[in-house]
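Examination of the molecular architecture
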Amino acid sequence: MILQWLFDSLLIIALLWLAWRLLGSADLFKAIVLFIAFGLVMALAWVRLDAPDVALAEAAIGAGLTGALLLSALARLNDLADTTHETHTPSGKK
Amino acid sequence: MSAVLLYALTGAGLFTLGLYALIIHAHLLRKILAINVMGSGVFLILVALGGRTAGAVPDVVPHAMVITGIVVAVSATALALALVLRVQAATGRAELPEEPLE
Amino acid sequence: MRSAGRRWHYLLFRWALMLLLLAVAVGLGYALLSLPQQAVGLSEQVSANMATSGVQNPVTAVLLNFRGYDTLLEMAVLLVALLGVWSLGSAEVHRKIDPEPVLSLLVGGLAPMMILMAGYLLWAGTNTPGGAFQAGSVLAAAGILLLLSSKRFPVRLMGWPLRVVLLLGLGTFAAVGMTLLFVSGGFLQYPSSLAGAFILFIEAAATLSIGVTLAALFLGGRPQAGPYR
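Criteria and thresholds
Counting of residues starts from 1 at the beginning of each chain's written sequence and follows it residue by residue. Key to labels: chains lettered from A, ligands numbered from 1, both in the order written. In view of the model being predicted, local features appear only for residues whose pLDDT reaches at least 70, and side-chain atom pairs are presented and counted only at 80 or more, with totals across whole chains, interfaces and linings using the full set of residues. With hydrogens and water set aside, each side-chain value is computed from the structure's full complement of heavy atoms. We define a salt bridge as a side-chain nitrogen of Lys or Arg found within 4 Å of a carboxyl oxygen belonging to Asp or Glu. Per the convention used, a helix needs a DSSP run of H or I reaching at least four residues, while a strand needs a run of E reaching at least two, with both numbered from the N terminus. Pairs of residues are marked as contacts when any of their non-hydrogen atoms sit within 4.5 Å. When two parts are put together, the accessible area they lose, computed with a 1.4 Å probe and summed over both, is reported as buried area. Nitrogen and oxygen atoms within 3.5 Å of one another constitute a polar contact, given that in protein one can donate a hydrogen and the other can accept it, and given that sequence-neighbouring residues count only through two side-chain atoms. Angles run from 0 to 180 degrees between N-to-C directions of axes, and those axes are lines fitted to C-alpha atoms, restricted for helices to the stretch in contact. Roughly parallel covers angles under 35 degrees, roughly antiparallel covers those over 145, roughly perpendicular covers 65 to 115, and oblique covers all other angles.

Here's the deal with the pattern of salt bridges
Summed over all chains, the structure comprises three salt bridges over all chains. Here Asp 8 of chain A and Arg 48 of chain A are joined by a salt bridge, their closest N and O atoms 2.7 Å apart. With Asp 8 of chain A in helix H1 (residues 2–24) and Arg 48 of chain A in helix H2 (residues 28–48), the pair connects residues that are 40 residues apart, well separated along the chain. Of the charged contacts in the structure, one is a salt bridge between Arg 67 of chain C and Asp 70 of chain C, with a shortest N-O distance of 2.8 Å.

Describing unusual backbone geometry
The residue Asp 50 of chain A is not glycine, and still its phi comes out positive at about 60 degrees. Summarising the element assignment, Asp 50 of chain A is placed in the loop between H2 and helix H3 (52–87).

Brief notes about the interface of chain C and chain B
At the interface, 38 residues of chain C touch 36 residues of chain B. In total, about 3300 Å² of surface goes out of reach between chain C and chain B, with carbon and sulfur atoms giving 75% of it. Interface area lost by chain C to chain B is led by Leu 21, Leu 32 and Leu 88 of chain C, which between them contribute 18%. Where chain C touches chain B, the interface holds four residue pairs in polar contact (both at pLDDT 80 or more). Of all elements in the fold, only helix H1 (4–33), helix H2 (43–53), helix H3 (58–66), helix H4 (68–87), helix H6 (132–149) and helix H8 (195–219) of chain C reach the threshold of two or more residues within the side of chain C that touches chain B.

A closer look at the packing of helix H2 (residues 28–50) of chain B against helix H3 (residues 60–91) of chain B
All names here are of chain B. Closest axis-to-axis distance for the H2/H3 pair is 10 Å, and the angle between their directions is 175 degrees. Here H2 lies roughly antiparallel to H3, going by the angle between them. Where H2 approaches H3, its residues Leu 28, Leu 29, Ile 32, Asn 36, Phe 43, Leu 46, Val 47 and Gly 50 are matched on the opposing element by Pro 62, His 63, Val 66, Gly 69, Ile 70, Ala 73, Thr 77, Ala 80, Leu 81, Val 84 and Val 87.

What follows is the structure in structure tokens.
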């Protein structure tokens with residue numbers, strides 16, 4: 001019983017702390033990696049709430065696929081920012 | 001207080017944190033992250049409230065709804081990311097203007 | 001750079017927002033705490049109808065039998081999201097850089113295992129945790145790894161074969177639903193002796209579609225069918 005409470009409180013603190021850190025992180029890459037970690041801890045919370053189906057979906061989709069989507073979008077965003085910077089730096093600002 | 005209720009309250013906390021970040025950040029990618037955190041909060045509340053049954057077996061209808069929700073969230077995120085990339089390509093930046101537009 | 005007045009405004013806005021959101025959080029917490037401590041929800045109806053659902057996993061029963069309509073519309077949402085992404089631009093089907101050999105080797109071993117695992121999750125979903133969405137996302141992960149590790153995407157498959165697979169899930173789901181409308185008099189009302197077979201059939205098509213749709217979403221644009229972009 002004590003162990004379960006300990007596990008619950010650790011899980012909840014980890015969830016809230018990860019959410020706080022990922023939303024406040026100055027570095028976007030770090031924020032996305034923290035988001036993936038957040039998704040994996042969420043999967044643990046689903047297991048704790050007796051929802052193994054949701055845990056599987058969250059681990060595969062919420063953490064895995066969303067993370068991959070975000071990382072690839074960030075890479076393309078940086079590529080785009082580089083090319084626009086090179087081609088028209090002076091007219092870039094309005 | 002039961003553990004189930006504690007998880008529901010955590011969900012409410014995640015929702016509020018996400019809402020704050022959604023309003024405060026100008027970068028569009030951060031807004032997408034914030035919406036995803038808000039969504040996770042809502043899912044947590046749904047499943048936690050489904051666990052209030054007397055026996056050991058929780059109510060599975062919220063579970064099914066949350067699985068549906070996770071898939072919808074990932075497709076919405078993908079569409080939003082494509083839109084952000086278009087914004088970046090069109091305006092050269094993926095942020096909302098910090099000063100209000102005149 | 002901000003003038004003192006603007007800065008003051010900004011701080012005021014932040015504090016007001018924090019107070020407002022604190023009120024939201026307290027309100028939400030109060031609402032949650034004032035709910036009854038015990039509620040059966042729909043669990044009794046689910047367990048009462050499990051025998052006629054055709055599957056043993058209650059979550060699969062809810063997703064594909066009791067609330068099959070939701071899942072049908074969700075497949076439509078996935079498709080609409082992909083249409084939205086495709087309408088925003090096209091994806092490059094040729095890579096500028098060569099993938100690393102370690103990645104290619106790893107994916108060469110991993111991808112077949114993941115496809116096998118997707119098949120297992122789909123099959124197991126009828127009586128243990130798993131199902132079409134989990135299997136589909138594992139399939140999508142395999143697809144993404146293959147996309148990341150291949151020098152050149154299978155351009156010939158990206159024309160109509162891709163579109164057929166994308167529509168397969170929604171099409172099968174809707175076709176089965178409509179057939180049952182005429183045969184048994186209700187949209188997606190399976191005859192209980194064949195419900196398991198119908199569900200597995202729909203799930204198999206849905207898994208393929210979900211996997212390919214999610215991988216296509218990762219590609220982030222409409223793939224060009226021709227050899228030159």
